[in-house]
Amino acid sequence: MIKLGVLLGVALASTVAQAGVIDLGSIMGGANVYTARDFKAISSDVEGAIVAGGNVTIQNYAVNLKNKAAYAGYSIVAGGNISLTSGSIHNGQTYAGGQIALQSAATPPRSSVNPVDFADATEQFRDIAAGLSLVDATGRVGREYSANKLIGSGNGVLDIFNVSADFLNGGNNWVLSGLAKDQTLIFNISGKHGAFTGGMDPLKDYNVLFNFFEAETVDVKGILGSVLAPHATVTANHGVVKGQIIADAWDSGVQVDAEKYFRRIDIPGIV
């Protein structure tokens, strides 16, 4: 079993502040989507790789067309079964802890080697989500007319915003202040149900992570950035998200584009 991934330098029990390296991509092997349990979807696609701790059940679906395999060669990794009815799996091999059933679909190469410890990876994601939620905010989120207004610290490297899911979902556009293009923006979002109304184009030049650290469901359509929601089921029947998604389970027809993968970052103040 290959254990990849790291939350380096983080000791949540420590009383001394230190920097932690958040590297979500390494934990999920560079996948586009990671779920601790089942991934289920109809009539859409994930442009990169899928890594799921349970079953992957897809219909009228395409996977990894953009050739961004996970763990240097896998298009799908499933702890359970893989079932594809009418669709295609591109640019990589598959691993299933159970059976692989294909109907009206070409047979991709199959590996007998599981590249991920699902229990370990899921625990790391949950620890990261919890740890980030405790970090002090450096920026503020307010409302400017109908838009979410972000006011950054001006440091040009990293800003952290603490906000409720209800407030964030109430804005239909974004206004930015005190931020530098290409810097990292992390949103710690409280609440049981997360959703967005869109209008995220102003965030396209930033390294963005939405940390739904306590959400039970998340509607990810319209998101421009990556999502960490390790306790949530992803819902919504349509739409597009550009980024990496980490969730408990997936039951959604949302299209996932292989863009805006979250870049590793040092986070001061994680203790």
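Criteria and thresholds
- Residues numbered from 1 in each chain as written.
- Predicted model: local features only at pLDDT ≥ 70, side-chain atom pairs only at ≥ 80, totals over all residues.
- Heavy atoms only, no water.
- Phe/Tyr/Trp six-rings, centres within 6.5 Å; stacked < 30°, edge-to-face > 60°.
- Helix = DSSP H or I, 4+ residues; strand = E, 2+ residues; numbered from the N terminus.
- Buried < 20%, exposed > 50% of the residue type's maximum accessible area, 1.4 Å probe, protein only.
- Lys NZ or Arg CZ within 6 Å of the ring centre and 35° of its normal.
- Core = buried A, V, L, I, M, F, W, Y, C linked by side-chain atoms within 4.5 Å.
- Contact = heavy atoms within 4.5 Å.
- Polar contact = N/O pair within 3.5 Å; in protein donor to acceptor, adjacent residues only side chain to side chain.
- Salt bridge = Lys/Arg side-chain N within 4 Å of Asp/Glu carboxyl O.
- Pairing = 2+ DSSP bridges.
- Axes fitted to C-alpha atoms, helices over the stretch in contact; angles between N-to-C directions.

Student: Help me out: how do you make sense of the packing of aromatic side chains in this one?
Tutor: Two aromatic rings are characterised by how far apart their centres lie and by the angle between their planes. In this structure the tally under the stated criterion is 10 aromatic pairs. Measuring from centroid to centroid gives 6.1 Å for F39 and Y61, while their planes differ by 75 degrees, and the two rings are edge-to-face. Within this pair, whereas F39 is found in strand 4 (residues 39-46), its partner Y61 is found in strand 6 (residues 56-63), the two being separated by 22 residues in sequence. Both residues of the pair, F39 and Y61, belong to the buried class. Look at W174 and F187: their rings are 5.7 Å apart centre to centre, the planes differ by 80 degrees, and that puts the pair in the edge-to-face class. Taken together, the residues span a long stretch of sequence, with W174 in strand 14 (residues 174-177) and F187 in strand 15 (residues 184-190) at a distance of 13 residues. Judged by its relative accessible area of 4%, W174 is buried. These aromatic residues form a ring-pair network of at least three members: F161, W174, F187, F196, F210 and F212. In this structure, K68 is placed above the aromatic ring of Y261, and the distance from its NZ or CZ to the ring centre is 3.8 Å.

Student: What exactly am I supposed to notice about the nonpolar core here?
Tutor: Most often, soluble globular proteins keep nonpolar side chains buried together rather than apart. In this structure, F39, F210, V220 and W250 are the most contacted members of the largest nonpolar core, which totals 49 residues. If sequence neighbours within four positions are ignored, W250 has contacts with V33, T35, D38, F39, K40, A41, V220, V234, I245 and V256. If you look at the next biggest cluster of nonpolar residues, it comprises 30 residues, including I22, F125, I128 and V135.

Student: In this structure, what is going on with the environment of S226? I would like to understand it.
Tutor: Along the chain, S226 falls in strand 19 (residues 226-235). Among the residues examined, S226 registers a relative accessible area of 2% and is labelled buried. Considered as a pair, S226 and L209 are 17 residues apart in the sequence and their alpha carbons are 4.8 Å apart. Non-local contacts of S226, meaning those with residues more than four positions away in its chain, are made with V208, L209, F210, G243, Q244, K260, Y261 and F262. At 3.0 Å, the side chain of S226 and the backbone nitrogen of Q244 are in polar contact.

Student: Is there a simple way to explain the pattern of salt bridges in this structure?
Tutor: As a working rule, side chains carrying opposite charge can pair if their charged atoms are close by. Under the criterion given, the structure shown has 11 salt bridges. Between D248 and R126 there is a salt bridge whose closest N-O contact spans 3.7 Å. Taken together, the residues span a long stretch of sequence, with D248 in strand 21 (residues 245-251) and R126 in helix 2 (residues 118-133) at a distance of 122 residues. What makes R126 partly exposed here is its relative accessible area of 34%. The partner of D201 in a salt bridge is K204, with the nearest N and O atoms 3.6 Å apart. Among the charged side chains, a network of salt bridges with common partners joins R37, R126 and D248.

Student: Mind showing me how you'd approach unusual backbone geometry here?
Tutor: Trans peptide bonds make up the majority, and among non-glycine residues the majority have a negative phi. Its identity is not glycine, yet Y71 carries a phi of approximately 50 degrees, on the positive side. Structurally, Y71 is set in the loop between strand 6 and strand 7 (74-78). Positioned with a positive phi, A236 is a non-glycine residue whose angle comes to about 105 degrees. Within the secondary structure, A236 is located in the loop between strand 19 and strand 20 (240-242). With relative accessibility at 15%, the residue A236 sits in the buried group.

Student: Can you walk me through the sheet that holds strand 12 (residues 147-151) in this structure?
Tutor: Strand-to-strand pairing in sheets goes through backbone hydrogen bonds, with the strands running parallel or antiparallel. Spatially, 11-12-14 is the arrangement adopted by the 3 strands of the open sheet, whose pairing is mixed. Two strands bound the open sheet, and with one partner strand each, they are strand 11 (140-144) and strand 14. Along the sheet, successive strands turn relative to each other by an average axial angle of 25 degrees, direction set aside.

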